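# Coordinate inspection notes
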There are 6 protein chains.
Amino acid sequence: MTKLIEYEHSSEEVRAIYDDIRATRKTDEINNFWKAIANHPPTLQRTWQAVKEVMTSPGEIDPLMRELIYIAVSVTNGCEYCIASHTAAAYSKGMSDQMFGELMAIAATANMTNRLANGYRIPVDERFKT
Amino acid sequence: MTKLIEYEHSSEEVRAIYDDIRATRKTDEINNFWKAIANHPPTLQRTWQAVKEVMTSPGEIDPLMRELIYIAVSVTNGCEYCIASHTAAAYSKGMSDQMFGELMAIAATANMTNRLANGYRIPVDERFKT
Amino acid sequence: MTKLIEYEHSSEEVRAIYDDIRATRKTDEINNFWKAIANHPPTLQRTWQAVKEVMTSPGEIDPLMRELIYIAVSVTNGCEYCIASHTAAAYSKGMSDQMFGELMAIAATANMTNRLANGYRIPVDERFKT
Amino acid sequence: MTKLIEYEHSSEEVRAIYDDIRATRKTDEINNFWKAIANHPPTLQRTWQAVKEVMTSPGEIDPLMRELIYIAVSVTNGCEYCIASHTAAAYSKGMSDQMFGELMAIAATANMTNRLANGYRIPVDERFKT
Amino acid sequence: MTKLIEYEHSSEEVRAIYDDIRATRKTDEINNFWKAIANHPPTLQRTWQAVKEVMTSPGEIDPLMRELIYIAVSVTNGCEYCIASHTAAAYSKGMSDQMFGELMAIAATANMTNRLANGYRIPVDERFKT
Amino acid sequence: MTKLIEYEHSSEEVRAIYDDIRATRKTDEINNFWKAIANHPPTLQRTWQAVKEVMTSPGEIDPLMRELIYIAVSVTNGCEYCIASHTAAAYSKGMSDQMFGELMAIAATANMTNRLANGYRIPVDERFKT
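Residues numbered from 1 in each chain as written. Chains lettered and ligands numbered in written order. Predicted model: local features only at pLDDT ≥ 70, side-chain atom pairs only at ≥ 80, totals over all residues. Heavy atoms only, no water.

## Focus: the overall build of chain A
- Looking only at helices and strands, one finds 6 helices and 0 strands in chain A.
- Secondary structure elements of chain A occur, N-terminal to C-terminal, as α-α-α-α-α-α.
- Radius of gyration (C-alpha) of chain A: 18 Å, far over the 14 Å computed for a compact globule of 130 residues.
- When the backbone C-alpha atoms are referred to their principal axes, chain A occupies close to 55 × 30 × 30 Å.
- Within chain A, the proportion of its 130 residues that are buried is 62%.
- For chain A, restricting intrachain contacts to residue pairs at least 6 apart in sequence, the fraction spanning at least 24 positions comes to 46%.
- Put simply, chain A shows about 5000 Å² of open surface, and 52% of that area lies on carbon and sulfur atoms.
- For chain A, the distance from the average position of its 14 positive side-chain charges to the average position of its 17 negative side-chain charges is 5 Å. (Helix = DSSP H or I, 4+ residues; strand = E, 2+ residues; numbered from the N terminus. Rg over C-alpha atoms; globule rule 2.2 N^0.38 Å. Buried < 20%, exposed > 50% of the residue type's maximum accessible area, 1.4 Å probe, protein only. Contact = heavy atoms within 4.5 Å. Areas by Shrake-Rupley, 256 points an atom, 1.4 Å probe, with all protein chains shown as cover. Lys, Arg positive; Asp, Glu negative; His and termini not counted. Charge placed at Lys NZ, Arg CZ, Asp CG, Glu CD.)

## A word on helix H4 (residues 63-77) of chain D
- Taking 1.5 Å of rise per residue, the 15 residues of H4 of chain D would be expected to cover 21 Å, and the 21 Å separating its terminal C-alpha atoms lies within 8% of that figure.
- One side-chain oxygen of the residue at the start of H4 of chain D lies 3.0 Å from the amide nitrogen of leucine 64 of chain D, identifying that residue as aspartate 62 of chain D. (Expected span 1.5 Å × (residues − 1). Polar contact = N/O pair within 3.5 Å; in protein donor to acceptor, adjacent residues only side chain to side chain.)

## What about the relation of the copies chain B and chain A?
- Structural alignment of chain B on chain A gives an RMSD of 0.0 Å, achieved by rotating through 180 degrees and translating 0.0 Å along the axis. One copy is carried onto the other by what is essentially a two-fold rotation axis.
- Most of the interface of chain B is mirrored in chain A: 98% of its interface residues are interface residues there too. (Least-squares fit on C-alpha atoms with pLDDT ≥ 70 in both.)

## Some details on the environment of glycine 101 of chain B
- For glycine 101 of chain B, the position within the fold is in helix H6 (residues 97-119).
- Separated by 97 residues in the primary sequence, glycine 101 of chain B and leucine 4 of chain B place their C-alpha atoms 33 Å from one another.
- For glycine 101 of chain B, the contacting residues outside a window of four places in its chain are His40 and Thr43 of chain E together with Tyr120 of chain F.

## Focus: the pattern of salt bridges
- Going through the model one piece at a time under the given rule, you end up with 42 salt bridges over all chains.
- With a closest N to O distance of 2.9 Å, lysine 93 of chain A and glutamate 67 of chain A form a salt bridge. Pair noted here: lysine 93 of chain A is in the loop between helix H5 (80-92) and helix H6 (97-119) and glutamate 67 of chain A is in helix H4 (residues 63-77), with a separation of 26 residues, a long-range link.
- Judged by its relative accessible area of 4%, glutamate 67 of chain A falls in the buried class.
- Three or more residues joined by partner-sharing salt bridges are found here, namely Glu29 of chain A together with Asp125 and Arg127 of chain B. (Salt bridge = Lys/Arg side-chain N within 4 Å of Asp/Glu carboxyl O.)

## Examining the relation of the copies chain C and chain D
- At an RMSD of 0.0 Å, chain C and chain D line up after a rotation of 180 degrees and a shift of 0.0 Å along the axis.
- Interface overlap between copies is the fraction of interface residues in one copy that are interface residues in the other; for chain C against chain D it reaches 100%, indicating a shared surface.

## Details of the packing of H4 of chain A against H5 of chain A
Residues and elements named next belong to chain A.
- The geometry of H4 relative to H5 is characterised by a closest axis approach of 9 Å and an angle of 160 degrees between their N-to-C directions. Here H5 runs roughly antiparallel to H4, going by the angle between their axes. For the element pair H4 and H5, the recorded crossing hand is left-handed. Facing Leu64, Glu67, Leu68, Tyr70, Ile71, Ser74 and Val75 of H4, the residues of H5 in contact are Cys82, Ile83, His86, Thr87, Ala89 and Ala90.
- Across the contact of H4 with H5, the residue classes break down as 9 nonpolar, 3 polar and 1 charged. (Axes fitted to C-alpha atoms, helices over the stretch in contact; angles between N-to-C directions. Parallel < 35°, antiparallel > 145°, perpendicular 65-115°, else oblique. Left-handed = near helix turned anticlockwise from the far one by under 90°. Nonpolar A, V, L, I, M, F, W, Y, C, P; charged D, E, K, R; others polar.)

## Let's talk about helix H5 (residues 80-92) of chain F
- In this model, H5 of chain F (13 residues) spans 19 Å end to end at C-alpha, consistent with the 18 Å of a helix rising 1.5 Å per residue.
- Here H5 of chain F has its buried residues at Tyr81, Cys82, Ile83, Ala84, Ser85, His86, Thr87, Ala89 and Ala90 of chain F.
- Check the buried side of H5 of chain F and you find it contacts H6 of chain B, helix H6 (97-119) of chain E together with helix H2 (32-37), helix H4 (63-77) and helix H6 (97-119) of chain F.
- Glycine 94 of chain F occupies a position one or two residues after H5 of chain F and carries a positive phi of about 110 degrees.

## With respect to the interface of chain B and chain A
- Chain B puts 64 residues into the contact, and the matching count from chain A is 63 residues.
- Summing both partners gives a buried area of about 5700 Å² for chain B against chain A, and 69% of it is carried by carbon and sulfur.
- At the junction of chain B and chain A, the tally comes to 2 salt bridges.
- Glutamate 29 of chain A is the salt-bridge partner of arginine 127 of chain B, the closest N and O atoms lying 3.5 Å from each other.
- Where chain B packs against chain A, one counts 28 residue pairs in polar contact (both at pLDDT 80 or more). (Buried area = accessible area lost by both parts, 1.4 Å probe.)

## Structural notes on the domain arrangement of chain A
All names here are of chain A.
- Partitioning chain A into structural domains gives domain 1 (1-57) and domain 2 (60-130).
- For domain 1 versus domain 2, the separation of C-alpha centres amounts to 26 Å.
- Facing 9 residues of domain 1, the contacting portion of domain 2 comprises 4 residues.
- Across the domain 1 to domain 2 interface the summed buried area is about 570 Å²; carbon plus sulfur atoms make up 56%.
- Inspection of the region where domain 1 meets domain 2 yields 5 residue pairs in polar contact (both at pLDDT 80 or more).
- For the side of domain 1 that touches domain 2, the secondary structure elements donating two or more residues are helix H2 (32-37) and helix H3 (41-56).
- The element best represented in the side of domain 1 that touches domain 2 is H3, accounting for 5 residues.
- Across the side of domain 1 that touches domain 2, the residue classes break down as 4 nonpolar, 4 polar and 1 charged. (Domains from an automatic or database assignment.)

## Section: unusual backbone geometry
- Despite not being glycine, lysine 26 of chain B has its phi angle at roughly 55 degrees, a positive value.
- Summarising the element assignment, lysine 26 of chain B is placed in the loop between helix H1 (12-25) and helix H2 (32-37).

## Some words on the packing of helix H3 (residues 41-56) of chain C against helix H4 (residues 63-77) of chain C
Residue and element names in this part refer to chain C.
- It is the contact of H3 with H4, at a shortest axis distance of 9 Å, that shows an interaxial angle of 125 degrees. For the element pair H3 / H4, the angle class is oblique. Across from Val51, Glu53, Val54, Met55 and Thr56 in H3, the residues of H4 making contact are Arg66, Glu67 and Tyr70.
- Looking at the contact of H3 with H4, its residues break down into 4 nonpolar, 1 polar and 3 charged.

## Observations concerning the interface of chain C and chain D
- With 64 residues of chain C at the interface, the matching set in chain D holds 64 residues.
- Across the chain C/chain D interface, buried area totals approximately 5700 Å², and carbon plus sulfur atoms make up 69% of it.
- Our count for the chain C to chain D interface comes out at 2 salt bridges.
- Applying the counting rule to chain C against chain D returns 28 residue pairs in polar contact (both at pLDDT 80 or more).
- Residue assignment for the side of chain C that touches chain D shows that the elements contributing at least two residues are helix H2 (32-37), H3, H4, helix H5 (80-92) and helix H6 (97-119) of chain C.
- Residue contributions to the side of chain C that touches chain D peak at 17 residues, all from H6 of chain C.

See the structure below:
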């Protein structure tokens, strides 16, 4: 198990990122994910930058829908940590139980049809190629 | 390669489903996906029923967002056919190029963090367990 | 693209394995798979040994069912080459179109429920743990 | 963790499905899987219908072999819940320890050759394309 | 298929990144990968930054070994484009045919044992937990 | 959970392999992985043979780098057991914390770009095809 780097014991470099995480997320809590990857500061820095930009910068997909997409990927990959943390994030951004149910149904159905497309070796329709 | 069952040569059972696909989608075109799985009518019947319910029945996630979730799963699984067909569907439902770019960014970032969570063997935070 | 090592141009070491493949499979044809991995003879040797033992040695699962299991894995991984070659092998061992349809239905359904189990983070029932 | 919907506290709609599960499986036990997805009744309904049809309706692949295929997919996806529950189901349908060993060997070998086919970028043999 | 953004038709923002790619890689060629993701400049910018840092910044894993690791991941995911481009990159950095063969053998074996570990549901040894 | 076959209770056939594992690894400890797959001696025999050859025979990729490649695959597949055991093995062969950080960064970045390549359906550059 990876050692978790607590705020109190972090280097200046790591602490600056932790401060940005706290400010961006408006909470003092720092998830274990960040405390773990802080063992390699360039990875912490780059990953936080990416997640911050992708999940919080202005855009055409609203923040809740971004979380749903994140969960769909994590469910497909079977990443327990990511499913748990992004499901919590989605609920905090307004996901209802009904939406979670619909999300699971879509993700499950896509995984099913993905395999049918593989197995039947279906040629892509000409009109989808352009 | 799987033989594609054309409308003209389909059994009564298959044709009834093709007719429902046409009516639901408001187009005479039937995607190769359905023509391929029509080789096993119970799979055609069950899969169409699932896709129809999950993608078109009333719900809290809007139809375009459902397509984005479908694409995110298909990209994660590397299903070429499904990426092509659902990207076309998403554009027809109003996806902009900007939204597609954001979607790719979210899916790619989730795939990245999923692996960091695996590799660092990060314990799920207590507050995410409930 | 990998250079394919043809029988005529193969080293003595590779040729001995090709001869065993031909004898075991009762055909002169050697699939591109073997011709490709023959670029690294230890991999050819080890892989052929494994496939031969696992797919043809006496056992409780009959040869056709072994092919179905192989296809189910390949469909799940989206391996185009393996789906094509093992589907051909399964047909040559007696798979009917109906069986292929059932196989696809099982593989697709398993992929669907696998994701539901992930997403709902379902605790394993006590009676399944022993 | 998802709340499990117990039989006693289920809605009429969910209870009808639970009753069908009990009758079909000839046991009062309902797996956590169903109790979890019962949080979204349409998913419970659709998933049970699919699993029931695919795993228990008459067909050319016998019930035990269907379980083996299910396990092979679940092992490939790394779905802990599904491996545990379907391994139990397979044992109850007559799987021997020897068969389980053979199944693991086939699934492992297929996963190995799938990656060799990817890495060597092997062109599909002409005779497998038809 | 995604439109590829050629250097000549790129915006100033994209061109600056293309120039950095050319300078870093010491070639005028720009891979289709960058030309495709240039459709969403923030993704181009962030992805190039990550790849540049991770693959070319000073570190303890030498540049050729980084390519081998990249290929192993891409082979596991079945990403045809990434296998092709990083195999070319690895050869240009000194990979021998022998090394490629060893790499495939390691990646294939790991994929095999990963599934055995899943299927046998093996408890992690106490001494690996710390 | 699979029964672990302890050295003391193993058959002669299994014990001979355990002895080779101990001799090759220069330790009396036998990992749970081997104790689990020993339930099917042919799988134990074949898997140990493959792992021994691939990970310890002379070659152009050094033993530590082989472990890093193994970890990258296991992280991509999300195999908890394999990540734990091969991370321990890598540390025992000289992996530094810095190298582990770099490895995670490479594996995560490759998983990210693999999905971008899928989603943008990028045609392989002509010069990568030969």
